[in-house]
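Here are the chains, one letter per residue:
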Amino acid sequence: MTSERSRETFRHDGRIVVVGASLAGLRAAEALRDEGFTGSLTLVGDEACEPYDRPPLSKQVLTGWVPADGTALPRRREIDAEWLLGVPASGLDLAGKRVELADGREVPFDRLLIATGVRARPWADRAEAALDGVFVVRTRDDSGRLWERLAAGPGRVLVIGAGFAGSEIASVCRERDIPVTVAETAEAPLVGALGSMVGSIAANLQRAHGVDLRCGVKVTRLEGDERGRVRRAHLSDGGTVDADVVVVALGGVRNTEWLRDSGLAAGVWGVACDSGCRAFDVNGLVTDDVFVAGDVARCPHPVYEYRFLSLEHWANAVEQAQVAAHNMVSSPTDRWPHLSMPAFWSMQFGVNIKSVGVPVLSDEVVVTQGSVEEHRFVAAYGYRGRVTAAVSFDNAKWLDHYRHLIETAAPFPPSCPTPDQPADMKPVPAHFPNSVIITQGATVVVTGYEPSERRVAFARPGG
Amino acid sequence: MTVTQASSTFQRILDHSSRADPYPLYAELRRTPVARQEDGGYIVSTYREITALLHDPHVSSDTDNLHDPGPSVAIRGDSPAFIGLDPPQHDRLRRMAMRYFGPPHSPTLIDDMRPDLNAIVTNLIDNLVSKDEIDVVDDFAYPFPVTVICHLLGVPREDEPRFHGWVEAIVALLDFNPATDPEDRMREGVRAREDLRAYLAELLESRRGRPPGNDLLSRLANDDGPDGRMTDEEIVSTANLLLIAGHETTVNLITNGALTLLRHPDVLERLRREPGMIVRTVEELLRYEPPVQLILWRAAYSDLTVAGTTIPKGSRITLVLASGNRDPSYFRDPDRFDPDRRDNQHLGFGGGVHLCFGAPLARLETQIALNELFRNLESPRLVADPPPYRQSAVLRGPRHLLVRQE
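The notes below deal with the structure included here. It should be emphasised that the depicted structure is a prediction, and the values quoted were computed from it without experimental measurement.

Conventions and cut-offs
Residues numbered from 1 in each chain as written. Chains lettered and ligands numbered in written order. Predicted model: local features only at pLDDT ≥ 70, side-chain atom pairs only at ≥ 80, totals over all residues. Heavy atoms only, no water. Helix = DSSP H or I, 4+ residues; strand = E, 2+ residues; numbered from the N terminus. Buried < 20%, exposed > 50% of the residue type's maximum accessible area, 1.4 Å probe, protein only. Contact = heavy atoms within 4.5 Å. Buried area = accessible area lost by both parts, 1.4 Å probe. Salt bridge = Lys/Arg side-chain N within 4 Å of Asp/Glu carboxyl O. Pairing = 2+ DSSP bridges. Axes fitted to C-alpha atoms, helices over the stretch in contact; angles between N-to-C directions. Left-handed = near helix turned anticlockwise from the far one by under 90°. Nonpolar A, V, L, I, M, F, W, Y, C, P; charged D, E, K, R; others polar. Phe/Tyr/Trp six-rings, centres within 6.5 Å; stacked < 30°, edge-to-face > 60°.

## Some points on the side chain of Asn255 of chain A
Residues and elements named next belong to chain A.
Here is step 1 of the chain: With respect to the helices, strands and loops of the structure, Asn255 is situated in the loop between strand E17 (252-254) and strand E18 (266-267).
Here is step 2 of the chain: For Asn255, a relative accessible area of 15% corresponds to the buried category.
Here is step 3 of the chain: Discounting residues that sit within four places of it in the chain, Asn255 has contacts with Thr116, Gly117, Val118, Arg119 and Val296.

## Focus on the interface of chain A and chain B
Here is step 1 of the chain: In this assembly, 15 residues from chain A lie in contact with 19 residues from chain B.
Here is step 2 of the chain: For the pair chain A and chain B, the two sides together bury roughly 1600 Å², of which 59% comes from carbon and sulfur.
Here is step 3 of the chain: Of all residues in chain A, Lys397, Trp398 and Pro419 of chain A give up the largest surface area on contact with chain B, accounting jointly for 40% of the area buried on that side.
Here is step 4 of the chain: Between chain A and chain B we count one salt bridge in total.

## A closer look at the sheet that holds strand E7 (residues 111-114) of chain A
Residue and element names in this part refer to chain A.
Here is step 1 of the chain: Within the open sheet, the six strands sit side by side as E3-E2-E1-E7-E21-E20. Their pairing is mixed. Taken across any chain shown, the strands that pair with only one partner, and hence form the sheet edges, are strand E3 (82-85) and strand E20 (278-280). Across the sheet, the axes of successive neighbouring strands diverge by a mean angle of 30°, strand direction being ignored.
Here is step 2 of the chain: Examined bridge by bridge, E7 and strand E21 (residues 286-292) share three bridges and lie parallel to one another. Bridging from a neighbouring strand, Leu113 pairs with Phe291 of E21.
Here is step 3 of the chain: Lying on the sheet, helix H2 (residues 23-34) is in contact with strand E1 (15-19), strand E2 (40-45), E3 and E7; it crosses E2 at an angle near 175°.

## Observations regarding the packing of helix H7 (residues 114-126) of chain B against helix H18 (residues 359-376) of chain B
Residues and elements named next belong to chain B.
Here is step 1 of the chain: Remark: H7 packs on H18, axes separated minimally by 10 Å, with the N-to-C direction vectors making an angle of 35°. Where H7 crosses over H18, the handedness of that crossing is right-handed. Contacts between H7 and H18 involve Arg114, Leu117, Asn118, Val121 and Ile125 from the former and Leu364, Glu365, Ile368, Ala369, Glu372, Leu373 and Asn376 from the latter.
Here is step 2 of the chain: Tallied by class, residues from the contact of H7 with H18 come to seven nonpolar, two polar and three charged.

## A closer look at the packing of aromatic side chains
Residue and element names in this part refer to chain B.
Here is step 1 of the chain: Counted by the stated rule, this structure contains 16 aromatic pairs over all chains.
Here is step 2 of the chain: Arranged with centres 4.8 Å apart and planes meeting at 25°, the rings of Phe101 and Phe357 form a pair that is stacked. Residue Phe101 is found in the loop between helix H5 (89-98) and helix H6 (109-112), and its partner Phe357 is found in the loop between helix H17 (321-324) and H18; the two are separated by 256 residues along the sequence. Phe357 shares its class with Phe101; the two are buried.

Shown next, in the form of structure tokens:
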């Protein structure tokens, strides 16, 4: 009874702070109001501008179709929030229930949502990264600056990394008739996410559109001229690429540094949480008042053997934010698990690529519909005889069916004939180069002997 | 529910006497989401099962894959349009037609038609405002989309009296029942199909080689896109489909919309004050009174399972879209007309790869038509409720909708 009353008090007069004012943060704030939360709501964001959408930043903004400042997220409702923008959070005092901001302010909360997302992984060499003409693309300022440089008509663009962002940027260059070289350490583009078979199709697609694609090479050094402008890249195979624009597209770094001493399970892998979005503390115990959503969250998925997944997908941010918001203001018996199927899309070289499920958690892949030669097909992924994912090239409208197959643990390969089935439908090994993605270096140590005293601490480099 | 009951419910839905309000019958159907009929066909009436089948690659739209095609053979003909084909042929033809209709090659075509649509509507309404009594169908909802589709396709508007009869006879084929309907109706429909195709083939011939005009027929006749050029047969089939669909569906959407708004004066009043509300009002109309009520013919390409029922290869599958739109397990309070409904993922345009080709045009036409009609009519009220309905259970809508104004 008491807890019921305190929950009602919280719903009316509580204080919720959302750290991270992008897609997940905004949607969570809207969902909190939809759920009837009438207390105080504060959004903290490190960028000064209002929340904006990121998918267009590597596509429509770079082609010039949409201006960089034209991607503000639509507001689905009034949220009546206090916005603390342009200042990052720098710390979290869990016991005192306060978020510390970089400018020294402190923001008290009853419940906290962490949605600080990911930033672009910078080029490792700082001096080289600082050369004029070296870009990353994560924020709208990044994208706006790159657009300007592309509009000036560079002689050649070098894209380092052929994941989705890198491939999209290369695609924009070709669309704008700008010569482009793509350097990728793996054997083909997109292999990290979609495996070798689809990767080789992506490689054909890039080459067919005039991309100078170099796979299996590393960029070892960027060279500038006397005026500090980038001019040349040196490759691990001894080759060089002359380019006046270099785009570093090497994925993201999760924004968890501010949580380093907070006692939460936060690190390079993200902030671990249960499927109800409640954060784990460093010992792996679930907390009650701290929630996580979006790119920074690392959450177990029952369909994938309860493995913890970090998903940098637009739809994941939206769906997880809604679940987190619901659970933040609901009773323990009314908690929702975040069980939606991961899904993402990309647009490159005139092809709509869309995926459902988790392709990396598979051992085989088979083209089930369409034609690989025409770059129009659906491929299903399987793990030990059940369907775990599917990817489509210009065939997205079928994916609902495959989502259903994944959710119902349907057998792999799917066997019944369809009208558009390839003549030779044979599964091949999925082959992901870095299929062990769980750990990224030593992160914790365990201390103590008795069950009552055993605890986890983060391993600190050098002590 | 037994097989016989499901069959008889469906027979009652097809019967013209149910046309004004089939919704209680749909509710009866939904008690058996996937119901086998006496003739071996399956009727699917619940939202989630319909959407599953719309996205199921084992469901074919080509009636050649039916064990017992029945009258669908006559409707299909030898060179079906993409609505009656499967990938990859469907995808290729639809893609080629889309080059001149929407994104990515013609992203602004529909929006650029706005001034023309407004002008056509204004012209029609000018002739109505002084009348005490109007027929929304004959005076407005029919001539508007017909003018638009003729313009878009490059079919002379003055030929309308010629092809109007053909189109009616073809539509009458859609729900032809050999057990109860006179054989003449089938013969008439087949002949009309041949006549309309011959008419379009003639038009096509006149477009060939000339500097391409802005109409779809000219462009298809002279196209050399990445997929090559459609054959003459394919162009005729495509034009045939777009002409029929473009003028037998939007008329019902507009008329059903006018009727529904007149039955909900509170919504109508809000709409007059707040014209921007028309966008979600039309979406709700597509749910509440969809112009295409059901997809009669889909075929199980191989054995498939839905909601625990296995449908054997070659079976006919009927998807009752309008019933899915009223499924209480998906839509809250489904029998309420509520333009404020959120996340309204109705089945008004079908779904999957066959999602209505003309949807963007139908939306814009209906938004403009209803806003302008009710902005100009003075205290309109229905003369008869329910109004008389057209024959078709598939393309359902009033034959006349008489409205009196002050």
